Amino acid sequence: MVPLLYYQLLSAALFGIGLYGVLARRSAVLIVLSIELMLNAVNINLIAAASYLNGIGRVIAIFVITVAAAEVGLAFAIILRMYRNRGTVNVDEINLLKW
Amino acid sequence: MLPGRNVELYGGLLAVDGFGLFFKVFFLAIGIGIIAIALEYGKARLQHRGEFYGLLLFSILGMNLMAMSRELLTAYIALELLSFSLYVLVAYGLREARSNEAGIKYIIIGALSSAVMLYGLSNIYAALGTTYFSGIAAALSSPATDNPVLWVGLALLIVGLGFKLSAVPFHMWAPDAYEGAPLPVTAYLAIGSKAAAFALTLRLLAEAVAPAGDRWADWQLVIAVLSAVTMLVGNLVALAQSNLKRLMAYSSIGHVGYTLAGIAVLGDDFALAAKAVIFYLVVYAITNLIVFAGLASYYNSTGKDNIADLAGLADRQPFTAAVLAIGLFSLAGLPIFAGFTAKFYLFAAVADGGFLWLAGVAIFSSLVSLYYYLQVLRQIYIEPAAPESGTEGDAAAEHGGGHHDAEPEQDSLPVPMLPRPSITLSATMGVGVLAVIWLGIYPAPLLAVIEFASSAILPMG
């Protein structure tokens, strides 16, 4: 069997890519997409660990999928409100609140 | 629920004990206070008021579950329930651009922090095979556990909780979210979400990590450094603020620093720190409630929230000015007010726990915080009230001395009096002021209740 470490490295790599996306993207939609990528990396970690330990990690993964879906719904509602108010989803352009 | 009897629900996921019970009553009282602040504000400025109160109730449910949870996934789900309600509440000012911007910043950073915390949870699960706090404590106590994945998991879990608490390298969402959100939601963020996150952190550290002995000592140093940086940054940046809500945000970051110092000295045989932290949370909540109630009564009358706009409040709304003065003195930690007693217990616990340098930094930050609280009080009590306000200003300026005719009995410029605060706000402020003064002079009954609460998570104290 493939050692657990490889799955954990895959999960860490995906998490890092998602983190880079959150920090470097300008469009709010792409930032939310990167957060989804991070949450899916967590899922890979959980399911791989559950397969090796024969534990309840798969159930935790189902909870995570549900919470991620709800979070994305909320995030897009707020982004939609921003788009209606400003006409853009570029996060660099929202800078009324400073220091 | 009799003292001394602990019950577990759902096979160990939730604990019904003194700690959970105390915090549930506490969160419900906070909810009542926030609803009292939100009544008049909501009628004037919020659309969809029904959903506002519904979201508030859901978030209180989330807070209750956070205080009761004994397992990482339950804690995470409860934390997300609280956070989702708050994301929507912060963005509730639909027409205000600042509210929308605060909502965007809060949800993006909040989602990022929950992903980080979840990654930590998954690492802990991968290393140990269990997510129960008691399982983590058992694994950490045995010297055979030496898995780097576990350390990464614990560190990321603390990072995720640090975001929720707005501890310092993770605090960037707090000033924007506090400034943009509607005022009752700012009060709720400052009081409710912080208290719930602290309840969760207390239970997590006391049940899962503190029993581990010398491994805990390493983490204690990490939390102590976090606390020192939080205190210093929160109080020093607050010196430069000119918006009231932003000032309260940085002030609450400073208070999070003090409370984290108390958490850093937790130990399996040292329960004084847990009692001091819980007492500090209660006092912080009551004091912030009266400060925000005062700010709400001023905002309801004028719609302004900058520090300079408070000029002359002592003449215009004397009751609100007095309540704000008592609240700010208590936050600064001046005697006979509850803030002094709370800080005294907390800093004494920190010094007893061996972190003398941390107590010194805390006292220095407390002194610094006095400056910016006094700045607000200077505006209220010493600066004269501006003679005109709002649109009347231009008309009066055109008419030159026209306003002299309106108030012939005044020998100088008339003071534009503000309406008295509403009944609910006045009642909230009155009860809160009485509580602040009572807890400052005679905290023993509350301390007895807190003893009952903290002995549930630290049985040997």
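All residue numbers here refer to positions counted from 1 along the written sequence of the relevant chain. Chain letters start at A and ligand numbers start at 1, both assigned in the order the entries are written. Totals for whole chains, interfaces and linings use all residues, but because this is a predicted model, local features are given only for residues with pLDDT of at least 70 and pairs of side-chain atoms are given and counted only at 80 or more. To get the side-chain values, take all heavy atoms of the structure and skip hydrogens and water.

- Chain B is annotated in an unreviewed UniProt entry as NADH:ubiquinone reductase (H(+)-translocating) from Geodia barretti.
- Recorded in UniProt for chain B, the comment headed Catalytic activity (unreviewed entry) runs: "a ubiquinone + NADH + 5 H(+)(in) = a ubiquinol + NAD(+) + 4 H(+)(out)".
- Quoted verbatim from the Subcellular location (unreviewed entry) heading of the UniProt record, the comment on chain B is "Membrane". UniProt positions are given in the numbering used here, feature names are shortened, and annotations may be inferred rather than shown by experiment.

- In the annotation of an unreviewed UniProt entry, the entry for chain A reads NADH-ubiquinone oxidoreductase chain 4L, and the organism field reads Geodia barretti.
- According to the UniProt record, the Sequence similarities (unreviewed entry) comment for chain A reads "Belongs to the complex I subunit 4L family."
- Under the Subcellular location (unreviewed entry) heading, UniProt states for chain A: "Membrane".

## Regarding the overall build of chain B
Line of reasoning, step 1. Here a strand is any run of E in DSSP of at least two residues, a helix any run of H or I of at least four, and the numbering for each starts at the N terminus. Helix and strand counts for chain B stand at 19 helices and 2 strands.
Line of reasoning, step 2. For a compact globule of 461 residues, the expected C-alpha radius of gyration is about 23 Å, and chain B comes in at 23 Å, within 12% of that figure.
Line of reasoning, step 3. For chain B, the spread of C-alpha atoms along the three principal axes comes to 85 × 40 × 40 Å.
Line of reasoning, step 4. Burial classification: accessible surface area is computed with a 1.4 Å probe over protein chains only, and a residue below 20% of its type maximum counts as buried, one above 50% as exposed, and the rest as partly exposed. Relative to its full complement of 461 residues, chain B shows a buried share of 62%.
Line of reasoning, step 5. Within chain B, contacts between residues at least 6 apart in sequence are counted, and of these 79% link residues at least 24 apart.
Line of reasoning, step 6. Under the convention used here, a 1.4 Å probe and the Shrake-Rupley method define accessible areas, while residue burial counts only the protein chains that appear. Working note: accessible area of chain B is about 16,300 Å², and carbon and sulfur atoms make up 67% of it.
Line of reasoning, step 7. Of the charged side chains in chain B, 21 are positive and 30 negative; the average position of the first set lies 5 Å away from that of the second. Radius of gyration here uses only the C-alpha atoms, and the compact-globule reference equals 2.2 Å multiplied by the residue count raised to the power 0.38. Contacts: residue pairs with any heavy atoms within 4.5 Å of one another. Residues scored as positive are Lys and Arg, those scored as negative are Asp and Glu, and His as well as the terminal groups of each chain are ignored. To locate a charge, take atom NZ for lysine, CZ for arginine, CG for aspartate or CD for glutamate.

## A few points about the UniProt feature "transmembrane region" (unreviewed entry) in chain A
Residue and element names in this part refer to chain A.
Line of reasoning, step 1. Listed under "transmembrane region" (unreviewed entry) in the UniProt record, and renumbered for this structure, are residues 6–23, 30–53 and 59–80.
Line of reasoning, step 2. From the first C-alpha to the last, residues 6–23 spans 26 Å; its make-up is 100% helix and 0% strand.
Line of reasoning, step 3. Between the end C-alpha atoms of residues 30–53 there is a gap of 35 Å, over a span that is 100% helix and 0% strand.

## Points about the interface of chain A and chain B
Line of reasoning, step 1. With 39 residues of chain A at the interface, the matching set in chain B holds 41 residues.
Line of reasoning, step 2. Of the roughly 3,500 Å² buried between chain A and chain B on both sides combined, carbon and sulfur atoms contribute 75%.
Line of reasoning, step 3. Should a side-chain nitrogen of Lys or Arg be within 4 Å of a carboxyl oxygen of Asp or Glu, the pair is scored as a salt bridge. In this assembly, chain A and chain B are joined by 0 salt bridges.
Line of reasoning, step 4. Polar contacts, as counted here, are pairs of nitrogen or oxygen atoms within 3.5 Å of one another; within protein the pair requires one atom able to donate a hydrogen and one able to accept it, and residues that are adjacent in sequence qualify only if both atoms are side-chain atoms. If you look at where chain A meets chain B, you find 5 residue pairs in polar contact (both at pLDDT 80 or more).
Line of reasoning, step 5. Going through the elements one at a time, helix H1 (4–24), helix H2 (28–53) and helix H3 (57–86) of chain A are the ones with two or more residues in the side of chain A that touches chain B.
Line of reasoning, step 6. Looking at which element gives the most residues to the side of chain A that touches chain B, the answer is H3 of chain A, with 15 residues.
Line of reasoning, step 7. Across the side of chain A that touches chain B, the residue classes tally to 28 nonpolar, 7 polar and 4 charged. The quantity reported as buried area is the accessible area (1.4 Å probe) lost by two parts once they are put together, taken as the sum for both. Gly counts as polar in this scheme, as do all residues outside two lists: the nonpolar Ala, Val, Leu, Ile, Met, Phe, Trp, Tyr, Cys and Pro, and the charged Asp, Glu, Lys and Arg.

## Quick notes on the packing of helix H2 (residues 49–68) of chain B against helix H8 (residues 183–209) of chain B
Residue and element names in this part refer to chain B.
Line of reasoning, step 1. Fitted lines through C-alpha atoms serve as axes, helices being fitted only where they are in contact, and the angles separating the N-to-C directions of these axes extend from 0 to 180 degrees. One way to put it is that H2 packs onto H8 with a least axis distance of 8 Å and a crossing angle of 20°. Taken together, the axes of H2 and H8 are roughly parallel relative to one another. As H2 runs across H8, the sense of the crossing is left-handed. Contact residues: H2 offers Phe52, Leu56, Ser59, Ile60, Met63, Met66, Ala67 and Met68, while H8 offers Pro184, Val185, Tyr188, Gly192, Ser193, Ala196, Ala197, Ala199, Leu200 and Arg203.
Line of reasoning, step 2. Of the residues assigned to the contact of H2 with H8, the class counts are 14 nonpolar, 3 polar and 1 charged. Should an angle lie under 35 degrees it is considered roughly parallel, over 145 roughly antiparallel, and from 65 to 115 roughly perpendicular; all remaining angles are considered oblique. Left-handed describes a crossing whose near helix is turned anticlockwise from the far helix by less than a right angle; the clockwise case is right-handed.

## Examining the nonpolar core
Line of reasoning, step 1. Residue types Ala, Val, Leu, Ile, Met, Phe, Trp, Tyr and Cys, when buried and joined through side-chain atoms within 4.5 Å, form a set referred to as a nonpolar core. Counting 200 residues, the largest nonpolar core has Phe23, Phe27, Ile30, Leu89, Tyr188, Leu266 and Ile380 of chain B as its most contacted members.
Line of reasoning, step 2. Top contributing element to this core by residue count: helix H11 (residues 272–302) of chain B, with 22 residues.

## Here's the deal with the pattern of salt bridges
All names here are of chain B.
Line of reasoning, step 1. Tallying each qualifying case throughout the model produces 13 salt bridges over all chains.
Line of reasoning, step 2. Between Glu101 and Lys105 there is a salt bridge, with its nearest N and O atoms 2.9 Å apart. Of this pair, Glu101 and Lys105 are both found in helix H4 (residues 97–128), 4 residues apart, which corresponds to roughly one turn of the helix.
Line of reasoning, step 3. Residue classification places Lys105 among the buried positions, given a relative accessible area of 19%.

## Overview of the side chain of Thr230 of chain B
Residues and elements named next belong to chain B.
Line of reasoning, step 1. Looking at the secondary structure, you find Thr230 in helix H9 (residues 214–238).
Line of reasoning, step 2. Judged by its relative accessible area of 0%, Thr230 is buried.
Line of reasoning, step 3. Beyond its immediate chain neighbours, meaning those up to four positions away, Thr230 contacts Ser166, Ala167, Val168, Ile253, Gly254, Val256, Gly257 and Leu260.

## Here we look at the packing of aromatic side chains
Working definition: an aromatic ring pair is given by the centre-to-centre distance plus the angle between the planes.
Residues and elements named next belong to chain B.
Line of reasoning, step 1. For Phe, Tyr and Trp, rings pair up if their centres lie within 6.5 Å, where Trp contributes its six-membered ring, and each pair is then called stacked (planes under 30 degrees apart), edge-to-face (over 60) or tilted (otherwise). Within this structure, the stated rule accounts for 23 aromatic pairs over all chains.
Line of reasoning, step 2. When the ring of Phe84 is compared with that of Tyr87, the centres are 5.9 Å apart and the planes differ by 40°; the resulting orientation is tilted. You can see Phe84 and its partner Tyr87 sitting in helix H3 (residues 72–90), 3 residues apart, about one turn around the helix. Tyr87 matches Phe84 in its accessibility class, with the two residues each being buried.
Line of reasoning, step 3. The interplanar angle of 15° and the centroid separation of 4.7 Å between the aromatic rings of Tyr106 and Trp173 together place this pair among those described as stacked. Of this pair, Tyr106 sits in helix H4 while Trp173 sits in helix H7 (residues 173–180), placing them 67 residues apart in sequence. For the residue pair Tyr106 and Trp173, the accessibility class agrees, reading buried in each case.
Line of reasoning, step 4. Three or more aromatic residues link up through ring pairs in this structure, and these residues are Phe19, Phe22, Phe23, Phe26 and Phe27.

## Description of H11 of chain B
Residue and element names in this part refer to chain B.
Line of reasoning, step 1. Multiplying 1.5 Å by the residue count of a helix minus one yields the expected span of that helix. Here H11 spans 45 Å end to end across 31 residues, near enough to the 45 Å set by a 1.5 Å rise per residue.
Line of reasoning, step 2. Burial runs high along H11: 28 of the 31 residues are buried.
Line of reasoning, step 3. Two residues or fewer after H11 comes Gly303, characterised by a positive phi angle close to 75°.

## Notes on a nonpolar patch on the surface
Line of reasoning, step 1. In this scheme, patches are assembled from residues that exceed 30% relative accessible area and form no salt bridge. Like charges are connected within 9 Å, while nonpolar side chains (Val, Leu, Ile, Met, Phe, Trp, Tyr) are connected within 5 Å. Together, Val2, Leu5, Tyr6, Tyr7, Leu9 and Leu10 of chain A line one region of the surface with nonpolar side chains, adding up to about 570 Å² of accessible area.
Line of reasoning, step 2. With a relative accessible area of 52%, Tyr6 of chain A lands in the exposed category.

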